[in-house]
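# Structural overview
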Amino acid sequence: MPIVSRLDEARQHIRRVICDFLTQEGHAGLEEFVRLDVPTEQGHGDLTTSFALKVASRTKMAPRQLLDRLIAAWPGLESVESLEAAGPGFLNFTLNTAWLAAVVPAVLAEPETYGNSEFGRRKRVLLEYVSANPTGPMVVVSGRAAAVGDTLARTMAAAGFEVKREFYVNDAGNQIATFGWALALRLKQLAGETVEWPEKVYPGQYVVDLAQEYQALHPEVDPKTLAEDQYAELGAWAAERMRKSHEAVLREFRVTFDQWFSERSLREAGAPEAVVERLRQRGSIVERDGAQWFTSTQYGDDKDRVMVKSDGSFTYFVPDAAYHATKFDRGFDYVIDLLGPDHHGYVSRMRAVVEALGYPPERLEILIVQLVRLLRGQELVRMSKRGGTFVALEDLIEDAGVDPARFFLLERAPETPMDFDLNLATLKGSDNPVYYVQYAGARIHSILRQWRASGDAGVPLDVSLLTEPEEKDLLVLTARFPEVVVRVAEERAPQHLPKFLTELASAFHTFYRQHRILDAPPKVRQARLALIEAVLATSTRGLDLMGISQPEEM
RNA sequence: GCGCCCGUAGCUCAGUGGAUAGAGCGCCUGACUACGAAUCAGGAGGCCUUAGGUUCAAAUCCUAACGGGCGCACCA
């Protein structure tokens, strides 16, 4: 793996020394046990390893004894100031602060791209997320998938992957006809007709708005004459209208896509027929009870799945299968789907069809983004598009603001179900940690502004003057950022970003309270200004990966 | 009944097989005549749901209970 950060560089120096030592001691082949971790606690150095404990059973040597030999033979490294055995067999390293401080000029050389790496080796990734049905407004739950998907896309791109983002639009099939039906009924109501409302037709108020819009655009259409054979066409109009509104709301939420992939376009191109035919040729289709079944149980699914119903129409699964076939045909190395928990029953059949079509199933990665449960006080707010009750993402953005909403949604691991109270206190109030992070940045902006206004020409930069413990904490964190980016990308775990940024902001606030910057002697001032500028660049970049702004004043 | 996710501080949640399990909020005590107090320093608060197992070492891995959520259609 290529070196991604200054901290990682130290890690690899140390690792090489330890591996060489083990080889000299006659214990070659234990490299996999030599891992350098960032300790969870203060007082355990800057990097720590427990390799001595892990290899004890193979080397037949007590961990502490092995470490004593290693320390005696330690060659000295520029990056390492000191090392110490501790506990039952840990080895803790304190890094050389001056060596670490080289991260500052490195960040300042390219502040906009700090954190980027070639970890992903330009592998091509297709991320599909949100893909909400265009039969109603975007709800809060989709906002979570949007925030997670967008942040993964940004972060994976920073980590050196070639990322494409797609939203799959279910703009065909029964639900669109049903949607058209709802629109027709609303049009009839607007025309003064009394209509009976069937249970399965979307009752939401937004359909009335659509009806009024439609009426204005098409005054020539007489609602009273609308009949069932026109529902599909009405539905298509309404679905495209909703899709555009999804696009607008998501753009406001700072979420964009490279492509809005239309199910209808797949159907028009005959892709569903083609995919069924391909499965048939591979012997994965059988006829039973007048329907055509995909024998997905051969590929680990719990039951076979109907592809072509006995009335000759496709199940919704067929276009989805065809869509996934296009993903692989387009040559992506990784195909990642973010799905809601209501689709988890769908994972094994999707995997099955990918395998049955002859694609490597391990390249399909399905992440389940869990629910956001909305509470009003103690009471659970039930959300149902069909039932007509929901909270729109639009309202959330308006009430809370994009920055607080995104930070909140990204703080939790995607697979953790989360609750939040609709009074939004924790979301938009000043206790939202997003302000803590942004405030640190605003403070730095303020200091830099004052320095620039002072007209001070400055002195040559010497970062070796950064020797205070609070300065070192900032250096270590700044040096670590690129591997945080890698970790988020690799584990598909966006929550590490807000966690890291909170830690960085905390370290800055502590430093700021403890030490003077502008009032320090010129050389120290110069070094500290460079340090905080690097911290600001790091924090701003981290927020940017989360789609969150860094205000210069607040 | 079967499957997936989750049970960690009062609340919302982090936690990479490692050391004394962390953060934010809330609660208590302190700190601005100094670059922004949306801040800082400190404190209280834990049987990591339970019971077994693997391991030198388990919140983490395995098994089984229990509790919560969500799925389980020739619906999408």
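Fair warning: this is a prediction, and the values are worked out from it, not measured in the lab. Positions within a chain are numbered from 1, following the residues in the order the chain's sequence is written. Each chain gets a letter, beginning with A, and each ligand a number, beginning with 1, in the order they are written. With the structure being a predicted model, the display of local features is reserved for residues of pLDDT at least 70 and the display and counting of side-chain atom pairs for 80 or more, all residues being used for whole-chain, interface and lining totals. Only hydrogens and water are removed before side-chain values are computed, so all heavy atoms of the structure are retained for them.

## Details of the protein's contact with RNA strand B
Near RNA strand B you find 60 residues, and of these Phe90, Tyr316, His344, Arg412 and Tyr436 are the closest. Interatomic distance of 2.8 Å between a side-chain N/O atom of lysine 54 and a base nitrogen of RNA strand B. In this structure, arginine 516 approaches RNA strand B through a side-chain N or O atom, which is 2.4 Å from a sugar or linking oxygen. Put simply, the parts of the chain that give the surface near RNA strand B at least two residues each are α2 (51-59), β3 (90-95), α7 (174-190), β14 (418-421), α17 (433-454) and α19 (496-514). Note on conventions: DSSP H or I runs of at least 4 residues are helices, E runs of at least 2 residues are strands, and numbering of each starts at the N terminus. Among the elements that line the surface near RNA strand B, the one with the most residues is α17, at 7 residues. Looking at the surface near RNA strand B residue by residue, the class counts come to 19 nonpolar, 21 polar and 20 charged. Proximity is defined per residue: if any heavy atom of the residue lies within 4 Å of a molecule or strand, that residue is considered near it. Here a polar contact is recorded for every N or O atom pair within 3.5 Å, except that within protein the pair must consist of a potential hydrogen donor and a potential acceptor, and residues adjacent in sequence are included only if both atoms are side-chain atoms. Throughout, the ten residues Ala, Val, Leu, Ile, Met, Phe, Trp, Tyr, Cys and Pro are labelled nonpolar, Asp, Glu, Lys and Arg are labelled charged, and all others, Gly among them, are labelled polar.

## Side note on the sheet that holds strand β6 (residues 259-262)
In spatial order, the strands read β6-β5-β4-β10-β11; together these 5 strands make up an open sheet with parallel pairing. With partners counted over all chains shown, the strands left at the sheet margins are β6 and β11 (364-368), one partner each. Between one strand and the next, the sheet's axes are offset by a mean angle of 25°, whatever the strand orientation. When DSSP finds two or more bridges between two strands, those strands count as paired. For strand β4 (residues 124-128) and strand β5 (residues 162-169), the ladder comprises 5 bridges, and the chain directions are parallel. Directly across from valine 125, in β5, lies its bridge partner valine 163. Only heavy atoms enter the contact rule, under which two residues are in contact if any of them lie within 4.5 Å. In this description, a line fitted to the C-alpha atoms serves as the axis of each element, helices being fitted only across the stretch in contact, and the angle between N-to-C directions of two axes falls anywhere from 0 to 180 degrees. Each of β5 and β6 touches helix α9 (residues 231-252); the most contacted strand, β6, lies at about 155° to it. Its contacts with the sheet place helix α12 (residues 317-329) against β4, β5, β6, β10 (334-339) and β11, and it is angled at close to 145° to β10.

## Let's talk about the sheet that holds strand β2 (residues 80-86)
Judged by pairing direction, the sheet is antiparallel, and its 3 strands sit side by side in the order β1-β3-β2 without closing on themselves. Strands at the two margins of the open sheet, each flanked by one partner only, are β1 (47-49) and β2. Each strand of the sheet is rotated relative to its neighbour by a mean of 20°, with strand direction disregarded. As judged from the 3 bridges shared by β1 and β3, these two strands associate in the antiparallel manner.

## Considering the packing of helix α15 (residues 402-411) against α17
Between α15 and α17, the least distance of the axes is 9 Å, while the angle of their chain directions is 115°. One way to sum up the angle between α15 and α17 is to call them roughly perpendicular. Seen from above, α15 lies across α17 with right-handed handedness. Note on element contacts: α17 touches α15 through Pro433, Val434, Tyr435, Val437 and Gln438, opposite Asp403, Pro404, Phe407 and Glu411. Here the contact of α15 with α17 is composed, by residue class, of 6 nonpolar, 1 polar and 2 charged. Small angles under 35 degrees read as roughly parallel and large ones over 145 as roughly antiparallel, with 65 to 115 read as roughly perpendicular and the rest as oblique. Handedness of each helix crossing follows the sense of rotation of the near helix against the far helix: counterclockwise by less than a right angle gives left-handed, clockwise gives right-handed.

## Considerations on the nonpolar core
For the purposes of this section, nonpolar cores are sets of buried Ala, Val, Leu, Ile, Met, Phe, Trp, Tyr and Cys residues that join through side-chain atoms within 4.5 Å. Think of it in three bands: with a 1.4 Å probe and only protein chains considered, a residue is buried below 20% of the maximum accessible area for its type, exposed above 50%, and partly exposed in between. Counting residues in each nonpolar core, the largest one holds 121 residues, and the members touching the most others are Phe51, Phe93 and Phe253. Non-local contacts of phenylalanine 93, meaning those with residues more than four positions away in its chain, are made with Ile14, Ile18, Leu36, Gly45, Asp46, Leu47, Thr49, Trp74, Val80, Ser82 and Leu83. Of all hydrophobic cores here, the second largest spans 34 residues; its members include Leu279, Ile285, Tyr346 and Leu364.

## So, the domain arrangement of chain A
Parsing chain A into structural domains produces domain 1 (6-95), domain 2 (129-268 + 370-424) and domain 3 (431-545). Once two parts are joined, some of their accessible surface, as seen by a 1.4 Å probe, is lost; buried area is that loss totalled over both. A combined buried area of about 1600 Å² lies between domain 2 and domain 3, and 72% of that area is made up of carbon and sulfur atoms. Looking only at domain 2, the three residues that lose the most surface to domain 3 are Leu152, Thr155 and Phe407, adding up to 34% of its buried area. Whenever Lys or Arg places a side-chain nitrogen within 4 Å of a carboxyl oxygen from Asp or Glu, that contact is recorded as a salt bridge. Where domain 2 meets domain 3, there are 1 salt bridge. Taking the shortest distance from any N to any O, the salt bridge between aspartate 544 and arginine 154 comes out at 3.9 Å. If you look at where domain 2 meets domain 3, you find 4 residue pairs in polar contact (both at pLDDT 80 or more). Contributions of two or more residues to the side of domain 2 that touches domain 3 are made by α6 (140-158) and α15. Looking at the side of domain 2 that touches domain 3 element by element, the count peaks at 7 residues for α6. Looking at side-chain class alone, the side of domain 2 that touches domain 3 contains 12 nonpolar, 2 polar and 4 charged residues. Just so you know, the domain bounds were taken from an automatic or database domain assignment.

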